[in-house]
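Letter by letter, the chains look like this.
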Amino acid sequence: MLKWLARAGAHVECEWGKVLRPDFFDFIKTKSGCTALLQARLVGRSGFRVPESLFVEGWKQAKFTSDLLKKACGFETVIKPNSGWGGKGIWFTRTMRSLSRRGGDQTIPPCDSKMLVVQRDVTLPGKSFTPSVDFHISSSGETTMLYPENMFTPSGHCSGIELGPGCLEKQMRKAVVKAAHSIIHSLSRLGYVGWGDVDFMATTNRKVVYVSEINGRRTGGTAPIEILQRLKITSSKRFQYMKTWDRFEILSQKITPDGILDTINIIEERFGNNIRIIPLSTQGLRLRPSVFGYAIVGQNRRNVIDAEEVFLKMLKI
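Below is a summary of the structure that appears in this document. What you are looking at is a predicted structure, and each value in this text was computed from that prediction instead of being measured. (Residues numbered from 1 in each chain as written. Predicted model: local features only at pLDDT ≥ 70, side-chain atom pairs only at ≥ 80, totals over all residues. Heavy atoms only, no water.)

## Describing the pairing of strand β7 (residues 130-137)
With 8 of 8 residues buried, β7 lies mostly within the body of the structure. The side-chain alternation of β7 yields two buried faces, one formed by T130, S132, D134 and H136 and the other by P131, V133, F135 and I137. Here β7 pairs with strand β8 (residues 143-152) via 8 bridges, running antiparallel. Residue pairing across strands places P131 opposite N150, the latter belonging to β8. (Buried < 20%, exposed > 50% of the residue type's maximum accessible area, 1.4 Å probe, protein only. Helix = DSSP H or I, 4+ residues; strand = E, 2+ residues; numbered from the N terminus. Pairing = 2+ DSSP bridges.)

And the structure:
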């Protein structure tokens, strides 16, 4: 593929994670290292695949390479920085108006990463369905916690998660857990200790999943999990499902932190204490437009969604 792209005029640094040193430190810092680790050690095991991934320098080459792949191969791509930005730095070409960086075009946010990943988009069109598995490896090398989840990714940007029964269908949950176990076992052998997650791309074939990347760090999913663990909510049988939202935009200037807390008390009382709403951030209420983050937990998915609908309606969001 590299030779074909070069003849077409594209300047690609590396293909499918084939870097010179697919070692642990490359993996932990960059998506190219992560892809190299998956390709060199893990691909083909546990029924998962790695999407074709190309690494280029700058948006001009990312656009040119993406257009070539669309024309020659007929598939859309995902573009993201080689390092940094997390779920906020992912752009799907199928949802974008343009890949240009001209002034006034807000489609592509500024990015401080020179190296970019152009990865084949194998996700389900029109679906905000992105499975992920959060994990924790103890100092003794054991996986003490493992949480399959679905990330909410409107326009390709992760804005929250749902965790617990019902967030993933059984066949998909089984596939991602099996793949994650294989990956986590290899990470443990490499000496990794602490939180991390494995992100997947869901396709129409629920038995075969694609691993898009590994994050060897705390993420947007692990942070609320840790909060709930410290509050001992996750050990209660009354609270099996959790939904979070990072930055909910509030247009009204009348909403205050006290008003939000009062509304939370009303909701919890109305739902018979089977719901818990935890503010993740109220500092954003000082901004214009204001933003607010929260985690909501309950007995099941339907229970939480119903409570969330009433909560947001009362806040007039």
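## Some remarks on the packing of helix α7 (residues 257-270) against helix α8 (residues 301-314)
Between two packed helices, the angle of one axis relative to the other and the distance separating the axes together describe the packing. At a minimum axis distance of 10 Å, the contact between α7 and α8 shows a crossing angle of 145°. Judged by the twist between their axes, the crossing of α7 over α8 is right-handed. Here α7 contributes I260, T263, I264, I266, I267 and R270 to the contact with α8, which in turn contributes A307, V310, F311 and M314. Looking at the contact of α7 with α8 residue by residue, the classes come out as 8 nonpolar, 1 polar and 1 charged. (Axes fitted to C-alpha atoms, helices over the stretch in contact; angles between N-to-C directions. Left-handed = near helix turned anticlockwise from the far one by under 90°. Contact = heavy atoms within 4.5 Å. Nonpolar A, V, L, I, M, F, W, Y, C, P; charged D, E, K, R; others polar.)

## A word on the pairing of strand β4 (residues 77-81)
A regular strand carries its side chains on alternate faces of the sheet. Judged by how many residues are buried, β4 sits mostly within the fold: 5 of 5 residues are covered. Neither face of β4 is open: one carries T77, I79 and P81, the other V78 and K80, and all of them are buried. Pairing of β4 with strand β6 (residues 115-120), which is carried by 5 bridges, proceeds in the antiparallel orientation. Residue P81 lies in a different strand from β6, and its bridge partner there is L116. Sheet topology places β4 next to strand β5 (residues 91-92); 2 bridges connect them, and they run antiparallel. Across the sheet, the residue bridging to V78 is F92, located in β5.

## Some points on α8
Its 14 residues give α8 an end-to-end C-alpha distance of 20 Å, which sits within 8% of 20 Å, the value for a rise of 1.5 Å per residue. Its side-chain oxygen 3.3 Å from the backbone nitrogen of R302, N300 forms the N-cap of α8. Just beyond α8, the residue with positive phi is K316, at close to 60°. (Expected span 1.5 Å × (residues − 1). Polar contact = N/O pair within 3.5 Å; in protein donor to acceptor, adjacent residues only side chain to side chain.)

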